[in-house]
Amino acid sequence: QVQLVESGGGLVQAGESLRLSCAVSGGILSIGTMSWYRQTPGKQRDLVAAISSGGSTKYVDSVKGRFTISRDNAKNTVYLQMNSLKPEDTAVYYCNVVGSLGRETFTRGYWGQGTQVTVSS
C-alpha cells in the first residue's frame, strides 16, 4: 500500500516562493525517478521537473532557473523549491514516483493527490 502525501501549496504573490514536499510511504523496495507535474483546468498534466535516482535533474523550459527539484532518499521525500513565482505557475501540482513494490520485477508510477498553487499578480 503505497501512499504519497503532498504539502506546501498555497496562495502567494508574484515573485514569492513556495516549497512543495512529497513524502512516500509503503512497501517500496526501490524508488527510481521522482517528479512533479502540474495541471490547470482543461489542460493535460505536464511534467515540471524530474530527478533520477542518481540525482540527475530535468526541467521544463518555463521554470529553469526558478525551480529546483531535490530528494532525500533517507526520508523517501521529493521537494520542489519554487522561486520567483509567476501567475502562469498557477496549477494543481502532483507528485509522481516510480518504484517497485514487494516482489514486483517491474516499476510503476504512483501519484499524489495534488496540491494547489495559486500565484496572484
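Residues numbered from 1 in each chain as written. Predicted model: local features only at pLDDT ≥ 70, side-chain atom pairs only at ≥ 80, totals over all residues. Heavy atoms only, no water.

## Some remarks on the sheet that holds strand 7 (residues 67-72)
Backbone-to-backbone hydrogen bonds join strands into a sheet, with any given pair of strands oriented parallel or antiparallel. What counts is decided by this rule: Criterion used throughout: strands pair if DSSP finds at least two bridges between them. Strands here mean DSSP runs of E at least two residues long; helices mean DSSP runs of H or I at least four residues long; both are numbered from the N terminus. Think of each axis as a best-fit line through the C-alpha atoms, taken over the contacting stretch in the case of a helix, with angles from 0 to 180 degrees between the N-to-C directions.
Strands sit in the order 1-3-8-7 across an open sheet of 4 strands; the sheet is antiparallel. The sheet is open, and its two edges are formed by strand 1 (3-7) and strand 7, each paired on a single side. Taken pair by pair, the neighbouring strands of this sheet meet at an average axis angle of 15 degrees, ignoring direction. Bridge count between strand 7 and strand 8 (residues 77-82): 6 bridges; the pairing is antiparallel. In the strand pairing of strand 8, Phe67 is matched with Met82.

## Digging into the state of the cysteines
Our working definition: In this description, the term disulfide denotes a pair of cysteine sulfurs within 2.5 Å. Residue exposure (1.4 Å probe, protein chains only): buried if accessible area is under 20% of the type maximum, exposed if over 50%, otherwise partly exposed.
Going through the model one piece at a time under the given rule, you end up with 1 disulfide. The disulfide partner of Cys22 is Cys95, and the gap between their sulfur atoms is 2.2 Å. Taking the torsion about the S-S bond as the criterion, the Cys22 to Cys95 disulfide, at about -85 degrees, is left-handed. Note that Cys22 is positioned in strand 3 (residues 18-25) and Cys95 in strand 9 (residues 91-101), a separation of 73 residues in sequence. The exposure classification of Cys22 matches that of Cys95, with both residues buried.

## What about the pattern of salt bridges?
Just so we agree on the cut-off: By salt bridge we mean one thing: a side-chain nitrogen of Lys or Arg within 4 Å of a carboxyl oxygen of Asp or Glu.
Across all of its chains, the model carries 4 salt bridges by this definition. For the salt bridge of Asp61 with Lys64, the shortest nitrogen-to-oxygen distance reads 3.0 Å. Judged by its relative accessible area of 61%, Asp61 is exposed.

## Focus on the pairing of strand 9
With 8 of 11 residues buried, strand 9 is to be regarded as a mostly interior element. The pairing of strand 9 with strand 11 (residues 115-120) spans 3 bridges and is classified as antiparallel. Directly across from Tyr93, in strand 11, lies its bridge partner Thr115. Pairing of strand 9 with strand 10 (residues 108-111), which is carried by 4 bridges, proceeds in the antiparallel orientation.

## Some remarks on the pairing of strand 1
Taking every second residue as pointing to the same face, the buried face of strand 1 carries Leu4 and Glu6, while none of Gln3, Val5 and Ser7 on the other face is buried. Taken together, the 5 bridges between strand 1 and strand 3 define a ladder with antiparallel strand orientation. Bridging across to strand 3, Ser7 finds its partner in Ser21.

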